[in-house]
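Here is what each chain is made of, one letter per residue.
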Amino acid sequence: MKILAALFDLGDVIMQETTEVKDAGLATLRAELVPGIAGVLRELHARGIKLGLVADTHRKNPRNVLGQHGLYELFDAFAISEQVGCEKPDARIFKHALEKLNLAPRDYACVAMVGNNLERDVGGANALGLISIWFHWNNRYPIVPQSEIEKPRYTVQNTRELQELLERLDCER
């Protein structure tokens, strides 16, 4: 069975953090995308895969950045730390997105989480039984897992590898 949904982090997974232009309140007004990520998101959406954003960020950032690139409407759920009241790897932020996607715990094994932070993204995904994908295209965060829970199921280094992986992933419920 193909995956039911894919969750994504925002910073350095969808947008390049080094290109952010922020306002005085530290909300990101605009940013450039990671090369090729728009195509990955559009392809998943076209295939009927539900998309969720799970991000430790300012509440305005997803609308500003994703909207700038015509991607906001592709997402079915948003779990933003400032609104949910917790940050990754706390299970509550992931569960918020999963509930918005109408996915039950029995579905978690068919949900991919794509993130660039071993502790927050991979650890949080693994703790819930999601398919953890470490998007390691830069070295801005630690690159060595500090515990078993931080070991990703899959590692990709660019959006081509990510798209190929997401196309071939199978899961069992």
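Everything discussed here concerns the structure shown above.
Keep in mind that what you see is a predicted model, and the values were worked out from it rather than measured. (Residues numbered from 1 in each chain as written. Predicted model: local features only at pLDDT ≥ 70, side-chain atom pairs only at ≥ 80, totals over all residues. Heavy atoms only, no water.)

Draft legend 1. Fine view of the sheet that holds strand β6 (residues 111–115). Sheet architecture is open: six strands sit in the order β5-β4-β1-β6-β7-β8, paired in parallel fashion. The sheet is open, and its two borders are formed by β5 (77–80) and β8 (154–156), each paired with just one other strand. Direction aside, the axes of adjacent strands within the sheet are offset by 20° on average. Pairing between strand β1 (residues 5–8) and strand β4 (residues 50–55): four bridges, direction parallel. Residue pairing in the sheet places L7 in a bridge with G52 of β4. The sheet contacts of helix α1 (residues 37–46) involve β1 and β4, and relative to β1 the element is tilted by about 150°. (Pairing = 2+ DSSP bridges. Helix = DSSP H or I, 4+ residues; strand = E, 2+ residues; numbered from the N terminus. Axes fitted to C-alpha atoms, helices over the stretch in contact; angles between N-to-C directions. Contact = heavy atoms within 4.5 Å.)

Draft legend 2. Geometry of the layout of surface pockets. Empty space within the largest pocket amounts to approximately 310 Å³. Around the largest pocket sit 20 residues that line it, and D9, G11, E17, D56 and Y141 are the ones nearest its centre. Here the lining of the largest pocket is composed, by residue class, of five nonpolar, six polar and nine charged. (1 Å grid on protein atoms, 1.4 Å probe; cavity = no way out; pocket = protein on both sides within 12 Å on 5 of 7 lines; lining within 4 Å. Points joined across faces, edges and corners; volume = space filled by probe spheres on them. Nonpolar A, V, L, I, M, F, W, Y, C, P; charged D, E, K, R; others polar.)

Draft legend 3. Expanded view of the nonpolar core. By size, the foremost hydrophobic cluster in this structure holds 38 residues, and its most contacted members are F8, I14, I133 and L166. When contributions to this core are tallied by element, the ones reaching two or more residues are β1, α1, β4, α2 (61–68), β6, β7 (131–135) and α6 (159–168). The element contributing the most residues to this core is α1, with five residues. Not counting residues within four places of it along the chain, the set of residues in contact with L166 comprises I3, F8, V40, L44, R47, A112 and I133. Grouped together as the second largest cluster of nonpolar side chains are 18 residues, A77, F94, L101 and L130 included. (Core = buried A, V, L, I, M, F, W, Y, C linked by side-chain atoms within 4.5 Å. Buried < 20%, exposed > 50% of the residue type's maximum accessible area, 1.4 Å probe, protein only.)

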